[in-house]
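Overview (structure and organization)
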Amino acid sequence: MYIYDKKYDVIVIGAGHAGCESALAAARMGCKTLILTMNIDNIAMMSCNPAIGGLAKGHLVCEIDAIGGEMAKCIDRTGIQFRILNKTKGPAVQGSRAQADKLLYRTDMKSVLEREERLDIKQAIVDNILTDNEKVNGVATDTGIIYISKCVIVTTGTFLNGLIHIGLSSFPAGRAGEFPSINLSNSLKKLGFKLGRLKTGTSPRLDGKTINFSVMGIQKGDDPPTPFSYTTERITQIQLPCYLTYTNEKTHKVIRENLDRSPLYSGIIKGVGPRYCPSIEDKVVRFCNKERHQIFLEPEGRNTQEFYANGVSTSLPIDIQIKFLRTISGLEEVEIIKPGYAIEYDFVPPTQIFPTLETKLVKGLFLAGQINGTSGYEEAAAQGLMAGINSALMIQGKEPLILDRSDGYIGVLIDDLVTKGTEEPYRMFTSRAEYRLLLRQDNADMRLREKGFRIGLVSRDEYEKFLDKKNRIKGEIERLGKTSIRPSKVINERLGQIGEEIKTPISLADLLKRPGIKYKDIVGAGILPVPIEGNGNIDERIGNQVEIEIKYEGYIKRQLIHVERFKKWEDEKIPPSIDYDHIHGLSLEVREKLNRVRPISFGQASRISGITPSALSIIMIYIEKIRRKKGVRDERG
């Protein structure tokens, strides 16, 4: 064994979406950081569909950006189609999505990592996590090199004991064409971690030269496209279309007749798959009354003919993949470039980690991404960012950054994982957040920019621009509230352009609260006076936020009151040293669950399945008794 002569603060294992955010966050916060990856040419590889964002996932990307992460900036630079989903619905459930130029995205992210001053990148396979007295102190690679560090972040994706299935053939791999990580999985077991098994899959990649796009529906991006990052002024690159087609009864017949050759239905695959992103085999079996299933053909890049067939994830044999694809309109002569496949991999059930993403068994060891049971680039990147932040804060001797469920979707994601755990790949949905109206995509910077600046990930220049934006929004909301218009022939003629009229004096804020009226309508109709001195022109994103804040003012206030009430309960800390086995009145099941999760607050404890209000009352009485014995006055009186 050779001990490398340079010592690090943080080592990140894996350079996928979680690994990239972890390494950048730690390095930018002043830590000497090393990222180790099996193949440096596959940094930030999109193993599945070539896209970033989507419903709820777009919220995560904007929150990552607000705190100071890189994903949003990278997709803004390399995206080839941008769309806002659910545009006709309320602002709480809208989400941005962008098709990526897959090659450009990973080369752009690799370039960002390479330029980071305190970050080293090395190609290596990590076999062992090294510890001393239950504290991490480095890693060992398969070539016999030991790297010493104060913290280690594991972001291994699907590589832990990865096993690919195509039909009845199986072979070890982390993803197609790459080695799995077997020894590292064993190392985690030796450290005492319980491991589970999950399954995910991907769709075949098709040769665009063999696709008849003329018979398919065309889906274009928004014009103009809306950026993800708050620092991106506009998207300048030309957008490409996606295409839409459908399966049919012939497709389903081919699949049903060959289920005996599916590893999913022949019992070969043991891991639990994603409920909300099923394979085409699953769709045909579970939704047998459905006549067709939607397929989006997504370009993998600007300079390639490779298309991703979104909607037909499959592990059927290649000959059957070809056969069922050729029953679909526009794909009658299609050629497969890369077959679809399923992959099984190990994960660490996330009740074994704290809300900081540090493990409970080994101090200084953090886990982020699919190793915690999640699916998706965005969920991985969000965890990676928080793991990088909290490892740096630990090294600096500072308090960790833990986001509440009322702070953002990142807070919801991590709280769900560490409190409830997961037995299937976890995917973020807007329905998981109880404060959806507060946690909108448009206001992620209002919620989180301050936190990013405080920990050193948001630059002074970015922060000052944010403060200017915040003041402009506030000023415009106040101005609309103070500015009234009276009914007159001229005013009602202008209002008539947007199908409205007034009969009594009304403030512009109250006018904007009317259903169907938008901020841009008031501006376009010439009703709104010129912006106040020093306010400058109100751009579309600021105008949109002004409109939402005014329109939903009552609902937002009610939700804020609910948050404040809940915080009194949520913030009530549970001493980390508490011994639940010594608390009389708790059932054995409740004790087992509390000992496994080790909640840090009564709010977190309340969300553990099976923990009743009476159990929480018993714990609170017990803690108060302990405090009185120690002569410590209860802060709540």
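A quick note: this is a predicted structure, and the numbers were derived from the prediction, not measured.

**Remarks on the pattern of salt bridges**
This structure, assessed with the given rule, holds 42 salt bridges. Residue Asp415 pairs with Arg405 through a salt bridge whose shortest N-O separation is 2.8 Å. With Asp415 in helix H10 (residues 409-420) and Arg405 in the loop between helix H9 (377-395) and H10, this residue pair connects regions lying 10 residues apart in the sequence. Each member of the pair Asp415 and Arg405 is classed as buried. In this structure, Glu434 engages Arg405 in a salt bridge whose closest nitrogen and oxygen atoms are separated by 2.9 Å. You can see Glu434 sitting in the loop between H10 and helix H11 (444-455) and its partner Arg405 sitting in the loop between H9 and H10, a full 29 residues away along the chain.

**Brief notes about the sheet that holds strand S4 (residues 51-53)**
Neighbouring strands of a sheet are bound in pairs by backbone hydrogen bonds; such pairs are parallel or else antiparallel. One open sheet accounts for 3 strands, arranged S4-S6-S5; its pairing is antiparallel. Of all strands in the sheet, those bounded by a partner on one side alone are S4 and strand S5 (79-85). Between one strand axis and the next, the sheet turns through 20 degrees on average, direction left out of account. Where S5 meets strand S6 (residues 95-100), 6 bridges bridge the pair, whose relative direction is antiparallel. Bridging from a neighbouring strand, Phe82 pairs with Ala98 of S6.

**Details of H9**
Look at H9: 27 Å from first C-alpha to last across 19 residues, which is about the 27 Å you get at 1.5 Å a residue. Judged by how many residues are buried, H9 sits mostly within the fold: 17 of 19 residues are covered.

**Here's the deal with the nonpolar core**
What tends to happen in soluble globular proteins is that the nonpolar side chains get buried as a cluster. If you look at the biggest cluster of nonpolar residues, it comprises 100 residues, and the most contacted ones within it are Ile67, Tyr105, Val154, Met386, Ile389 and Ile410. Ranked by residues supplied to this core, first place goes to H9 with 10 residues. Leave out the neighbours within four places in its chain, and Ile410 touches Leu60, Glu63, Ile64, Ile67, Ala382, Met386 and Leu403. Among the nonpolar cores identified, the runner-up in size contains 23 residues, and Val254, Val284, Ala309 and Phe324 belong to it.

**Quick notes on the pairing of S6**
Two faces belong to every sheet, and in a regular strand the side chains alternate between them. Within S6, 6 of the 6 residues are buried, leaving the element largely enclosed by the surrounding structure. The alternating pattern of S6 places Gly95, Arg97 and Gln99 on one face and Ser96, Ala98 and Ala100 on the opposite face, and all of these are buried. In this structure, S4 lies alongside S6, joined through 3 bridges in antiparallel fashion. Opposite Gly53, over in S6, you have Arg97 as the bridge partner.

**Considering the packing of aromatic side chains**
Under the defined criterion, the tally for this structure stands at 6 aromatic pairs. Where Tyr4 meets Tyr147, the ring centres are 5.1 Å apart and the plane angle is 50 degrees; that geometry is what we call tilted. On the criterion of sequence distance, the pair formed by Tyr4 in the loop between strand S1 (2-3) and strand S2 (8-13) and Tyr147 in strand S10 (residues 145-154) is long-range, its members being 143 residues apart. Take Tyr147: its relative accessible area is 5%, and that puts it in the buried class.

**Observations concerning the side chain of Asp127**
Structurally, Asp127 can be placed in strand S8 (residues 126-132). The buried charged residue Asp127 lacks any salt bridge, with Lys190 as its nearest oppositely charged partner at 10.0 Å. A distance of 3.2 Å separates polar atoms of two side chains, one belonging to Asp127 and the other to Asn183. Apart from the residues lying within four places of it in its own chain, the contact partners of Asp127 are Ala140, Thr141, Asp142, Asn183, Leu184 and Ser187.

**Considering the environment of Gln99**
Within the secondary structure, Gln99 is located in strand S6. Overall, Gln99 belongs to the buried group, its relative accessible area being 2%. Sequence separation between Gln99 and Gly221 is 122 residues; the distance between their C-alpha atoms is 9.3 Å. Here Gln99 is in contact with Pro50, Ala51, Ile75, Gly79, Ile80, Gln81, Cys242, Glu298 and Pro299, once residues within four sequence places are set aside.

**Quick look at the sheet that holds strand S12 (residues 169-172)**
With antiparallel pairing, the 4 strands of this open sheet are ordered in space as S12-S11-S20-S13. For this open sheet the edge positions go to S12 and strand S13 (196-202), each flanked by a neighbour on one side alone. Strand-to-strand twist across the sheet, computed as the mean angle between neighbouring axes with direction ignored, equals 25 degrees. As paired elements, strand S11 (residues 163-166) and strand S20 (residues 341-347) share 3 bridges and run antiparallel to each other. In the strand pairing of S20, Leu163 is matched with Glu344.

**Focus: the pairing of strand S18 (residues 306-310)**
Of all 5 residues in S18, 4 are buried; the element is thus mostly enclosed. As paired elements, strand S14 (residues 205-207) and S18 share 3 bridges and run antiparallel to each other. Note that in S18 the partner of Asp207 across the bridge is Glu306. Where strand S17 (residues 294-299) folds back onto S18 in an antiparallel hairpin, the turn is made up of 6 residues.

**Some points on the packing of helix H1 (residues 17-28) against H9**
Between H1 and H9, the least distance of the axes is 7 Å, while the angle of their chain directions is 25 degrees. Relative to H9, the element H1 lies roughly parallel. Relative to H9, H1 is oriented so that their crossing is right-handed. Mapping the contact onto sequence places His17, Ala18, Glu21, Ser22, Ala25 and Ala26 in H1 and Tyr377, Ala380, Ala381, Gly384, Leu385, Ala387, Gly388, Ile389, Ser391 and Ala392 in H9. Its residues assigned to classes, the contact of H1 with H9 comprises 10 nonpolar, 5 polar and 1 charged.

**Focus on H1**
An ideal rise of 1.5 Å per residue puts 16 Å on 12 residues; H1 measures up with 17 Å between its terminal C-alpha atoms. Most of H1 is tucked away: 11 of the 12 residues are buried. Two residues or fewer after H1 comes Gly30, characterised by a positive phi angle close to 100 degrees.

**Looking at the packing of helix H2 (residues 57-67) against H11**
As a packed pair, H2 and H11 sit with axes 7 Å apart at the nearest point and diverge in direction by 35 degrees. Contacts from Cys62, Glu63, Asp65, Ala66 and Ile67 of H2 reach H11 at Ala444, Asp445, Arg447, Leu448, Arg449, Gly452 and Ile455.

What counts, and at which threshold
Residues numbered from 1 in each chain as written. Predicted model: local features only at pLDDT ≥ 70, side-chain atom pairs only at ≥ 80, totals over all residues. Heavy atoms only, no water. Salt bridge = Lys/Arg side-chain N within 4 Å of Asp/Glu carboxyl O. Helix = DSSP H or I, 4+ residues; strand = E, 2+ residues; numbered from the N terminus. Buried < 20%, exposed > 50% of the residue type's maximum accessible area, 1.4 Å probe, protein only. Pairing = 2+ DSSP bridges. Axes fitted to C-alpha atoms, helices over the stretch in contact; angles between N-to-C directions. Expected span 1.5 Å × (residues − 1). Core = buried A, V, L, I, M, F, W, Y, C linked by side-chain atoms within 4.5 Å. Contact = heavy atoms within 4.5 Å. Phe/Tyr/Trp six-rings, centres within 6.5 Å; stacked < 30°, edge-to-face > 60°. Lys, Arg positive; Asp, Glu negative; His and termini not counted. Polar contact = N/O pair within 3.5 Å; in protein donor to acceptor, adjacent residues only side chain to side chain. Parallel < 35°, antiparallel > 145°, perpendicular 65-115°, else oblique. Left-handed = near helix turned anticlockwise from the far one by under 90°. Nonpolar A, V, L, I, M, F, W, Y, C, P; charged D, E, K, R; others polar.

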